[in-house]
Amino acid sequence: GENVEQHPSTLSVQEGDSAVIKCTYSDSASNYFPWYKQELGKRPQLIIDIRSNVGEKKDQRIAVTLNKTAKHFSLHITETQPEDSAVYFCAASSAYAGGTSYGKLTFGQGTILTVHP
Amino acid sequence: DTEVTQTPKHLVMGMTNKKSLKCEQHMGHRAMYWYKQKAKKPPELMFVYSYEKLSINESVPSRFSPECPNSSLLNLHLHALQPEDSALYLCASSQVLVGQGNAHEQFFGPGTRLTVL
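The structure contained in this document is the topic of the report that follows.

Thresholds applied
- Residues numbered from 1 in each chain as written.
- Chains lettered and ligands numbered in written order.
- Predicted model: local features only at pLDDT ≥ 70, side-chain atom pairs only at ≥ 80, totals over all residues.
- Heavy atoms only, no water.
- Core = buried A, V, L, I, M, F, W, Y, C linked by side-chain atoms within 4.5 Å.
- Buried < 20%, exposed > 50% of the residue type's maximum accessible area, 1.4 Å probe, protein only.
- Helix = DSSP H or I, 4+ residues; strand = E, 2+ residues; numbered from the N terminus.
- Pairing = 2+ DSSP bridges.
- Contact = heavy atoms within 4.5 Å.
- Buried area = accessible area lost by both parts, 1.4 Å probe.
- Salt bridge = Lys/Arg side-chain N within 4 Å of Asp/Glu carboxyl O.
- Polar contact = N/O pair within 3.5 Å; in protein donor to acceptor, adjacent residues only side chain to side chain.
- Nonpolar A, V, L, I, M, F, W, Y, C, P; charged D, E, K, R; others polar.
- Axes fitted to C-alpha atoms, helices over the stretch in contact; angles between N-to-C directions.

1. Description of the nonpolar core
If you look at the biggest cluster of nonpolar residues, it comprises 24 residues, and the most contacted ones within it are Trp35(A), Phe73(A), Leu75(A), Tyr88(A) and Leu113(A). Elements with a minimum of two residues in this core: strand S2 (10–14), strand S3 (19–25), strand S4 (30–38), strand S5 (45–51), strand S7 (62–67), strand S8 (72–77), strand S9 (86–94) and strand S11 (111–116) of chain A. With 22 residues, the next largest nonpolar core counts Leu21(B), Met46(B), Phe47(B) and Leu81(B) among its residues.

Here it is, written out as structure tokens:
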């Protein structure tokens, strides 16, 4: 099935710095790539997503880039703030019924982001 | 209503008990999901329902039994659980099965923290 690898597993930055988290996927049929933020004891919340017909998407301080050829996508957070501290998960799914992640999200292992004031 | 709700928030049960987890959404979503999440790990898919029919069972042990009585409700019946089943159980929903059309976003509920003694 689909395999999503996420790096780094932990990331520590100073407030105001940028943070980058990278994911690779294995199923070339995957075409939807969301990023979720999960604060301690809370539910995962979608922060941004990208579809395979788009190379980059921005929403204020957050951006996601996708390289379909290389099968990797990245989350970029600029001007980090302490409230950005959380676990971030990337995921992938397929719209193609023969794709190995059709009908479900396959998650990466997560990145614990700590932003120091 | 743009929320997925889950009850109970916490549940402690013995290995011989039978209990049920409940999930509800009123967003008109036709796909609903059960995930299991261990601390600092990604959500692990258990079951997917699409239009009230079981679409995906990720080889979950039979001591977990899902039920979708109608398009708004999803239950997870628990029986003879093991201590290693202790985890956060998350329900999620999406407009249609993730990967179909353009309505991909999965909305997560707050979860039920399950402890098996």
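That shown, we press on.
2. A word on the pairing of strand S1 (residues 4–7) of chain A
Remember that side chains alternate between the two faces of the sheet whenever the strand is regular. Residues and elements named next belong to chain A. Here S1 shows a clear split, with Val-4 and Gln-6 buried on one side and none of Glu-5 and His-7 buried on the other. One ladder, built from 4 bridges, connects S1 with S3; its direction is antiparallel. Bridge pairing links His-7 to Lys-22 in S3.

3. Thoughts on the interface of chain A and chain B
Residue-level contacts link 19 residues of chain A with 26 residues of chain B. Approximately 1900 Å² of surface area, both sides summed, lies buried where chain A meets chain B, with 58% of it carried by carbon and sulfur atoms. Inspection of the region where chain A meets chain B yields 2 salt bridges. If you look at where chain A meets chain B, you find 4 residue pairs in polar contact (both at pLDDT 80 or more). When residues of the side of chain A that touches chain B are traced back to their parent elements, those giving at least two are S4, S5 and S9 of chain A. Here the side of chain A that touches chain B is composed, by residue class, of 10 nonpolar, 6 polar and 3 charged.

4. Notes on the side chain of Gln38(A)
Within the secondary structure, Gln38(A) is located in strand S4. Take Gln38(A): its relative accessible area is 9%, and that puts it in the buried class. Within the structure, the side chain of Gln38(A) is placed 2.9 Å from the backbone oxygen of Lys42(A), a separation counted as a polar contact. Among all residues touching Gln38(A), those that are not within four sequence positions of it are Arg43(A), Pro44(A), Ala86(A), Val87(A), Phe89(A), Gln37(B) and Leu88(B).

5. As for the sheet that holds strand S1 (residues 4–7) of chain B
Strands in a sheet are paired, the pairing made by backbone hydrogen bonds, and the direction either parallel or antiparallel. Residue and element names in this part refer to chain B. Pairing is antiparallel in the open sheet, where 4 strands are placed in the order S1-S3-S8-S7. A single partner strand is all that each edge strand has here, and the edge strands are S1 and strand S7 (64–70). Strand-to-strand, the axes of this sheet are offset by a mean angle of 20°, without reference to chain direction. With 5 bridges joining them, S7 and strand S8 (residues 73–79) adopt antiparallel strand pairing. Paired with Asn-70 across the strands is Leu-73, a residue of S8.

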